[in-house]
Amino acid sequence: MNREGVVQRRTARVGTGGGGPVEISSGTSEVEDRRTNNELDDMDDLDSKETRLTLMEEVLLLGLKDKEGYTSFWNDCISSGLRGCILIELGLRGRVELEKGGMRKRSLLGRKILLKNDSPTGDVLLDEALKHVKETDPPETVQNWIEYLSGETWNPLKLRYQLKNVRERLAKNLVEKGVLTTEKQNFLLFDMTTHPLTDNIMKTRLVKKVQEAVLSKWVNDAHRMDKRMLSLIFLAHASDVLENAFAPLNDDDYELAMKRVRELLYLDLDNESAKPGTNELMWAVFASFTK
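The rules behind these values
- Residues numbered from 1 in each chain as written.
- Predicted model: local features only at pLDDT ≥ 70, side-chain atom pairs only at ≥ 80, totals over all residues.
- Heavy atoms only, no water.
- Helix = DSSP H or I, 4+ residues; strand = E, 2+ residues; numbered from the N terminus.
- Buried < 20%, exposed > 50% of the residue type's maximum accessible area, 1.4 Å probe, protein only.
- Areas by Shrake-Rupley, 256 points an atom, 1.4 Å probe, with all protein chains shown as cover.
- Phe/Tyr/Trp six-rings, centres within 6.5 Å; stacked < 30°, edge-to-face > 60°.
- Contact = heavy atoms within 4.5 Å.
- Axes fitted to C-alpha atoms, helices over the stretch in contact; angles between N-to-C directions.
- Parallel < 35°, antiparallel > 145°, perpendicular 65-115°, else oblique.
- Core = buried A, V, L, I, M, F, W, Y, C linked by side-chain atoms within 4.5 Å.
- pLDDT = per-residue confidence, 0-100.
- Salt bridge = Lys/Arg side-chain N within 4 Å of Asp/Glu carboxyl O.

Draft legend 1. The arrangement of the overall build of the protein chain in detail. Scanning the protein chain for helices and strands turns up 12 helices and 4 strands. The proportion of buried residues among the 291 residues of the protein chain is 49%. Here the protein chain displays about 14,800 Å² of accessible surface, and carbon together with sulfur accounts for 49% of that area.

Below you can see the structure in the form of C-alpha cells.
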C-alpha cells in the first residue's frame, strides 16, 4: 500500500462552522497476561451490551454508499483490507499470536502466525479463518495469510484457504444487527443484492468516533490509543475507505486529521511492536500494508 495515497482528497467538503468534527449520520509477563485477559473479557462480552461491530464490519460500513448499499466498483483494496481486519480480530481476541522475534530480532513481516487458543469466537468468518490457521503446518506469515484468505495467491494448493463472499457475509451480519437492509437492484444486464443503510445512528457514531480519534481526542502516542481504534484507522486506510470518514470535515480539520494519520503510517512499526504491552500481530498486519 502506498502511504502517500492518504494525501488525496476525492470528495466534496462540507464546512462544520465550529472547526471540530462534523456531527453526521454514521512466555509473557503477569502484567501482559492480565491485560490480555481483560481484552478477552471485553470481547467475550460483545453481545451482552449495546450492538457492537467487529473491525471488518466497521471497515465495510465506512466503505458502503449509504443509499446505494454497495462499495465503490473502483475499490480494489478493500478485499485484502478486510482479511487484515480478520487477523487483527483474532489477535485481539487472543486466538492467534505472532511468533517471538528471537535473538536475531527478525522483522514483523518475517515472523509467522501461531495458534494460541482454538476455542470458537462465535463469529463464522473468524472461526473459519481460525480453523485454517490451526490446520496449517508449518505456520505462515501475516502477508501470506492475507493473500491466502483473499484468494490472491499463486499457489494453487493454498486456494482452499480463501474466505469467499466476505463483503456479502459481513453485510448480512450488519442486516441482522439492524444497521443495513437488503434490496435487489437492476444494473441493466444483471440484478445485484445491495444493502442500503437503515440505522443512521450507528454510522454516525462510527464516523464521529474516527474523527475524534485524530482531532479532539488525539493523544500523539500510538501506544496510548485504543488498539481497536488504531487498527480501524490503519485498516480503513489500507482498504481505501478512511477518507469517507473525513470528507465532511472543514478544510482545516481535514488537513489536520490527514496529517496525524500520516504520522501513524510513517511510524517505525518494528520499533513500535517491541514496546511493552503491545500486540505484535496487530503491528505485523499494519506492516504488511505499509511496506
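From this point, the narrative continues.
Draft legend 2. Structural view of helix α5 (residues 142-150). Across the 9 residues that make up α5, a large majority, 7, are buried. Within α5, the full set of buried residues consists of Val-142, Gln-143, Trp-145, Ile-146, Tyr-148, Leu-149 and Ser-150. Taken from the residues just after α5, Gly-151 is the one with a positive phi, measuring 75°.

Draft legend 3. Up close: the packing of aromatic side chains. Taken as a whole and judged by the stated rule, the model has 6 aromatic pairs. Between Trp-145 and Tyr-148, the ring centres sit 5.7 Å apart and the planes meet at 75°, which makes this aromatic pair edge-to-face. Of this pair, Trp-145 and Tyr-148 both sit in helix α5, separated by 3 residues, roughly a single helical turn. A ring pair is formed by Phe-234 and Trp-283, whose centres lie 6.5 Å apart and whose planes are at 70°; its orientation type is edge-to-face. Note that Phe-234 is positioned in helix α8 (residues 227-238) and Trp-283 in helix α12 (residues 280-290), a separation of 49 residues in sequence. The class of Phe-234 is buried, set by a relative accessible area of 4%. Relative accessible area serves as the criterion here: at 1%, Trp-283 is assigned to the buried category. Taken together, the aromatic side chains of Trp-145, Tyr-148 and Tyr-161 make up a single cluster linked through ring pairs.

Draft legend 4. The side chain of Thr-54, seen in detail. As for its placement among the helices and strands, Thr-54 is situated in the loop between α1 (30-44) and α2 (55-63). Overall, the relative accessible area of 5% leaves Thr-54 in the buried class. If sequence neighbours within four positions are ignored, Thr-54 has contacts with Glu-89, Arg-93, Asp-123, Lys-177 and Arg-228.

Draft legend 5. A look at the packing of α2 against helix α6 (residues 166-176). Relative to each other, α2 and α6 sit at 95°, their axes nearing to 10 Å. By the angle class used here, α2 and α6 are roughly perpendicular. Residues Met-56, Glu-57 and Leu-60 of α2 form the contact with α6, whose participating residues are Arg-167, Leu-170, Ala-171, Asn-173 and Leu-174.

Draft legend 6. Structural view of the nonpolar core. Counting residues in each nonpolar core, the largest one holds 77 residues, and the members touching the most others are Val-142, Leu-230, Ile-233, Leu-235, Phe-246 and Phe-286. Once you skip the residues sitting within four places of it in the chain, Ile-233 turns out to touch Ala-213, Val-214, Met-225, Leu-242, Val-261 and Leu-264.

Draft legend 7. Seen up close, the environment of Lys-209. Within the element layout of this structure, Lys-209 appears in helix α7 (residues 200-214). With 20 residues separating them in the primary sequence, Lys-209 and Met-229 have C-alpha atoms 8.5 Å apart. If we ignore the near neighbours within four places in the chain, the residues touching Lys-209 are Glu-58 and Met-229.

Draft legend 8. Structural view of the confidence of the model for the protein chain. Summary statistics for the protein chain give a mean pLDDT of 85 and a share of 81% for residues scoring 70 or more. The low-confidence segment residues 11-37, where pLDDT is below 50, has 53 contacts with residues more than four positions distant or belonging to other chains. Note that residues 39-49 has pLDDT below 50 and, in this model, 14 contacts with residues that lie over four places away or in other chains.

Draft legend 9. Quick peek at the pattern of salt bridges. All told, the structure shown has 14 salt bridges when counted by the stated rule. With its nearest N and O atoms 2.7 Å apart, the salt bridge here joins Asp-66 to Lys-203. One end of the pair, Asp-66, is in the loop between α2 and α3 (78-92); the other, Lys-203, is in helix α7, with 137 residues separating them in the sequence. Since its relative accessible area comes to 31%, Asp-66 is described here as partly exposed. Among the residues examined, Lys-203 registers a relative accessible area of 7% and is labelled buried. Put simply, Glu-135 and Lys-131 hold a salt bridge, and the shortest N to O gap is 2.9 Å. Of the two residues, Glu-135 and Lys-131 both sit in helix α4 (residues 124-135), 4 residues apart, roughly one turn of that helix. Since its relative accessible area comes to 47%, Lys-131 is described here as partly exposed. Several salt bridges share partner residues, and in doing so they unite Glu-89, Arg-93 and Arg-228 into one network.

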